[in-house]
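Geometric and topological summary
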Amino acid sequence: MIKIVLLNGTPLVFNADECAILREKHRICGQLTGCLARAPRQNVQLGVPLQLMPEEVTLLLEKGAARLVRYKTDASHCARVQALYAEYIKTITAEQIELLRQERRRTFEEKRAEILEGKRRKVQRQIEARRSRGETISEEDAGRMENEIVLDEETDKDISEEHSGVQIFRENPWVKDKADAFDAALDGWSYPQTEMERVRCAAFKDLHEKGFFMTNGVKFGGDFLVYPGDPVRFHSFYIVKCIPRDAALRPTELVTFGRLASNVKKTFVLYYLHQDGTARSVSINWTGLS
């Protein structure tokens, strides 16, 4: 069963395999919000955790496909994890120091001749500078200075814990049994509560049962964007807006919805709850009159 971790009221999925199951088996897309370890200073390609919409969480809980959990926060558990993390940092720092030394030795051996020639030129400039100041340096002394050049590998330079890389884990790696890291969090989920939340849940469930994929529709002025297949492969067909059953809509709003959807080659759909509690919908298309 998929674990949805509830952090400060936000439902997140940290396991990459479970994210794939959500998308491939349950048609739940969510939104990746984490940075990539190899490219942390960009927001074009994102990684885990996967943040879920409340409607997605509610549907998964109803289907029994997921469970809500919280990370344990008791003192003994946290102290043990902190100790394991400190030991982990110490170990990977030592490993990286050794790898860096090996890399510097390899680079040093490859460029030994260039480094030696550079040091000789430096000694020659020093000799010429001393002679220009009137000092007497014989050819024998100059040759001895060049022969005394020492190649220092400097393999320990700038190596410290602050310069070491840290692996970003997709979930807690320091628990013997993954179940030991979590507490049940069903008491922390009370969605839906308001009428609008119930309409959103009903609309999402209705569309999901019809085989569609849904994502957040805020960028097109709606509640959901509806896709005939995986959003990676298809453009959305519909913009869904959820409204109360007795909502009063002005004609200008209907025109706005229709023209907005028409301009982006989609159909605008209004969802509401019928008196019998079922989700009902009305589609709006803009048709120009000649």
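Residues numbered from 1 in each chain as written. Predicted model: local features only at pLDDT ≥ 70, side-chain atom pairs only at ≥ 80, totals over all residues. Heavy atoms only, no water.

Considerations on the overall build of the protein chain
To be explicit about the condition: Here a strand is any run of E in DSSP of at least two residues, a helix any run of H or I of at least four, and the numbering for each starts at the N terminus. Accessible area is worked out with a 1.4 Å probe on protein chains only. A residue is then buried under 20% of its type maximum, exposed over 50%, and partly exposed in between. Whether two residues are in contact is decided by their heavy atoms: any pair within 4.5 Å suffices. To be clear on the numbers: accessible area is Shrake-Rupley with a 1.4 Å probe, and residue cover counts the displayed protein chains and nothing else.
Across its full length, the protein chain carries 7 helices and 11 strands. Expressed as a percentage of the 290 residues in the protein chain, the buried residues total 33%. Pairs at least 24 residues apart make up 60% of the contacts formed inside the protein chain by residues separated by at least 6 positions. Only carbon and sulfur atoms are counted for the fraction: they give 50% of the accessible area of the protein chain, which is about 18600 Å².

Quick look at the sheet that holds strand 10 (residues 267–273)
Note the following rule: One bridge is not enough; two strands pair if DSSP finds at least two bridges between them. Interaxial angle, 0 to 180 degrees, is taken between N-to-C directions of lines fitted to C-alpha atoms, where a helix line uses only the stretch in contact.
Pairing in this open sheet of 5 strands is mixed, and the strands run 7-8-9-10-11 from one edge to the other. Among the strands making up the open sheet, the edge pair consists of strand 7 (213–216) and strand 11 (279–284). Here the strands of the sheet are splayed against their neighbours by 30 degrees on average, with no regard to which way each runs. Two elements, strand 8 (residues 224–227) and strand 9 (residues 238–242), share 3 bridges in a ladder whose sense is antiparallel. Pairing of Leu225 across the sheet is with Ile239, part of strand 9.

Section: the confidence of the model for the protein chain
Cut-off, in case you're wondering: pLDDT measures the predictor's confidence residue by residue and takes values from 0 up to 100.
Of the residues in the protein chain, 84% reach a pLDDT of 70 or more, and the chain-wide mean stands at 84. Ranking the elements of the protein chain by mean pLDDT puts strand 6 (residues 182–184) last, at 64, and strand 8 first, at 98.

Quick word on the side chain of Glu18
Along the chain, the position of Glu18 falls in helix 1 (residues 16–24). With a relative accessible area of 11%, Glu18 lands in the buried category. Once residues within four sequence positions are removed from consideration, Glu18 is found in contact with Met1, Ile2, Lys3 and Val13.

Focus on the nonpolar core
Put simply, the rule is: Definition used in this section: a nonpolar core is a set of buried Ala, Val, Leu, Ile, Met, Phe, Trp, Tyr and Cys residues joined via side-chain atoms within 4.5 Å.
Core analysis: the largest hydrophobic core is formed by 33 residues, its most contacted members being Ile4, Leu22, Leu52, Leu60 and Val240. Among the secondary structure elements, those contributing two or more residues to this core are strand 1 (2–7), helix 1, helix 2 (54–63), strand 5 (66–71), helix 6 (195–209), strand 8, strand 9 and strand 10. Counting 11 residues, the second largest nonpolar core, distinct from the first, contains Phe257, Ala261, Leu270 and Ile284.

With respect to helix 6
We count it as follows: In a helix, the anticipated span is given by 1.5 Å times the number of residues less one.
For helix 6, which comprises 15 residues, the first-to-last C-alpha distance of 21 Å matches the rise-based estimate of 21 Å (1.5 Å per residue) to within 8%. Of the positions making up helix 6, those classed as buried are Val199, Arg200, Cys201, Ala202, Ala203, Phe204, Asp206, Leu207 and His208. The inward-facing, buried residues of helix 6 abut helix 2, strand 7, strand 8, strand 9, strand 10 and strand 11. Downstream of helix 6 by one or two residues, Gly211 has phi in the positive range, about 95 degrees.

Section: the side chain of Ser236
What counts here: The definition of a polar contact used here is a pair of N or O atoms within 3.5 Å, where within protein one atom must be able to donate a hydrogen and the other to accept one, and adjacent residues in sequence count solely through side-chain atom pairs.
In this structure, Ser236 sits in the loop between strand 8 and strand 9. By relative accessible area, which is 6% here, Ser236 ends up buried. Within the structure, Ser236 has its side chain in polar contact with the side chain of Lys266 (distance 2.8 Å). If we skip the residues at most four places from it in the chain, Ser236 touches Leu225, Val226, Tyr227 and Lys266.

Examining the packing of helix 2 against helix 6
For clarity, the cut-off: For a crossing to be left-handed, the near helix must be turned anticlockwise from the far one by less than a right angle; the clockwise case is right-handed. Residue polarity follows a fixed list, in which Ala, Val, Leu, Ile, Met, Phe, Trp, Tyr, Cys and Pro are nonpolar, Asp, Glu, Lys and Arg are charged, and the others, Gly among them, are polar.
Interhelical geometry of helix 2 versus helix 6 gives an angle of 65 degrees and a closest axis separation of 9 Å. Read as a crossing pair, helix 2 and helix 6 show a hand that is right-handed. Each of Glu55, Glu56, Thr58, Leu59, Glu62 and Lys63 in helix 2 lies in contact with helix 6, whose residues at this interface are Arg200, Cys201, Phe204, Lys205 and His208. When grouped by side-chain class, the residues that make up the contact of helix 2 with helix 6 number 3 nonpolar, 2 polar and 6 charged.

Quick notes on the pairing of strand 1
Here strand 1 lies mainly inside the structure; 5 of its 6 residues are buried. Direction of pairing for strand 1 relative to strand 2 (residues 10–13): antiparallel, over a ladder of 3 bridges. In the strand pairing of strand 2, Leu7 is matched with Thr10. Counting the residues that bridge the hairpin from strand 1 to strand 2 gives 2 residues, and of these Asn8 lies at a positive phi of roughly 50 degrees.

With respect to the packing of aromatic side chains
The cut-off we apply is this: Aromatic rings from Phe, Tyr and Trp, with only the six-membered ring used for Trp, were paired whenever their centres fell within 6.5 Å, and each pair was classed as stacked if the ring planes differed by under 30 degrees, edge-to-face if by over 60, and tilted otherwise. The criterion for a charge sitting over a ring is simple: Lys NZ or Arg CZ within 6 Å of the ring centre, and within 35 degrees of the ring normal.
For the structure on display, the rule yields 6 aromatic pairs. Look at Phe237 and Tyr238: their rings are 6.3 Å apart centre to centre, the planes differ by 75 degrees, and that puts the pair in the edge-to-face class. The partly exposed category is assigned to Phe237, whose relative accessible area is 45%. For Lys266, the ring lying beneath its charged end belongs to Phe220, and the centroid distance is 5.1 Å.

Let's talk about the state of the cysteines
Just so we agree on the cut-off: Here, two cysteine sulfur atoms that lie within 2.5 Å of each other are counted as a disulfide.
What the rule picks out here adds up to 0 disulfides. Free of any disulfide, Cys201 has its nearest neighbouring cysteine sulfur in Cys242, separated by 9.2 Å.

Quick word on unusual backbone geometry
Residue Pro49 is reached from Val48 by a cis peptide bond, and omega for that bond is 10 degrees. At Arg27, a position not held by glycine, the phi torsion is positive, near 55 degrees. When you line up the elements, Arg27 lands in the loop between helix 1 and strand 3 (31–34). The backbone of Lys265 shows a phi angle near 60 degrees, a positive value even though the residue is not glycine. Along the polypeptide, Lys265 turns up in the loop between helix 7 (251–263) and strand 10.

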